[in-house]
Amino acid sequence: WTSCNSKLDIEKYESLFNLKEKNIFCLPDTIENIDLSKYQNIKNEDYVFAGGISERDWDTVIKSADKLKNIKFKIVAKREDWKNSYPILPNVEVYFNVEPEVFDKLLMKSSIVLLPLKSEATAGLMVLFKAIQFKKNILATRTNSTKLFIDPKYHDLLLYTLGD
């Protein structure tokens, strides 16, 4: 038996784990109920936020930030996932292993939330849900799980292919 977050992943899990469909159940992630009132006085700032732990594509974020030198990026990552070989860019601030309140505040102040994922594995949904609750503009990697929560008519606008 195993679980997945999206019915679209069942076929992939069948072959990946050599299981029958009847032994795979779909258990969607839940949405954390955030008290938005404590963030009501926070004003948007002019930067792109990217943060999280699982399966983040920091390579693509750094390449993008290097090409978009006039756009500020604030990144929250796990220290052990960050490569020492990444260049230090003047338009990028990186925070490591922050408290949830700091993470939420950085996300809340951003103009755009970037959800860069490096695999088809279910990842990033908690950040996606927070971004939706905070009414943020979102640009995310197209995966089976992110497609579930972005209106299909916006897939081509808001979801990009792995590594792009």
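Scroll up a little and you will see the structure.
Heads up: these notes are all about the structure in this document. (Residues numbered from 1 in each chain as written. Predicted model: local features only at pLDDT ≥ 70, side-chain atom pairs only at ≥ 80, totals over all residues. Heavy atoms only, no water.)

Some remarks on the packing of helix α3 (residues 100–109) against helix α4 (residues 125–133)
Where α3 meets α4, the closest approach of the two axes is 10 Å, and the angle between their N-to-C directions is 50°. Between α3 and α4, the angle falls in the class oblique. Note on packing geometry: the crossing formed by α3 with α4 is right-handed. Side by side, α3 and α4 meet where F103, D104 and L107 of the first sit next to V127, K130 and A131 of the second. Classifying every residue of the contact of α3 with α4 gives four nonpolar, no polar and two charged. (Axes fitted to C-alpha atoms, helices over the stretch in contact; angles between N-to-C directions. Helix = DSSP H or I, 4+ residues; strand = E, 2+ residues; numbered from the N terminus. Parallel < 35°, antiparallel > 145°, perpendicular 65-115°, else oblique. Left-handed = near helix turned anticlockwise from the far one by under 90°. Contact = heavy atoms within 4.5 Å. Nonpolar A, V, L, I, M, F, W, Y, C, P; charged D, E, K, R; others polar.)

Concerning the packing of aromatic side chains
To describe a pair of aromatic rings, one takes the distance between the centres and the angle between the planes. The full count for this structure, using the stated rule, is six aromatic pairs. Here Y13 and F17 contribute two aromatic rings whose centre-to-centre distance is 5.3 Å and whose plane-to-plane angle is 70°, an arrangement assigned as edge-to-face. Here F17 and Y13 lie together in helix α1 (residues 10–17), a separation of four residues that amounts to about one turn. Judged by centre distance (4.8 Å) and plane angle (80°), the ring pair of F129 and F149 falls under edge-to-face. Separated by 20 residues along the polypeptide, F129 in helix α4 and F149 in helix α5 (residues 144–149) bring together distant segments of the chain. Owing to a relative accessible area of 4%, F129 belongs among the buried residues under this scheme. Given the relative accessible area of 31%, F149 is considered partly exposed. Feature note: the residues W58, W82, Y86 and F96 constitute an aromatic cluster, connected by ring pairs. Above the face of the Y47 ring, K74 is positioned so that its terminal group lies 4.4 Å from the ring centre. (Phe/Tyr/Trp six-rings, centres within 6.5 Å; stacked < 30°, edge-to-face > 60°. Buried < 20%, exposed > 50% of the residue type's maximum accessible area, 1.4 Å probe, protein only. Lys NZ or Arg CZ within 6 Å of the ring centre and 35° of its normal.)

Remember, this is a structural readout, not a statement about activity or role.
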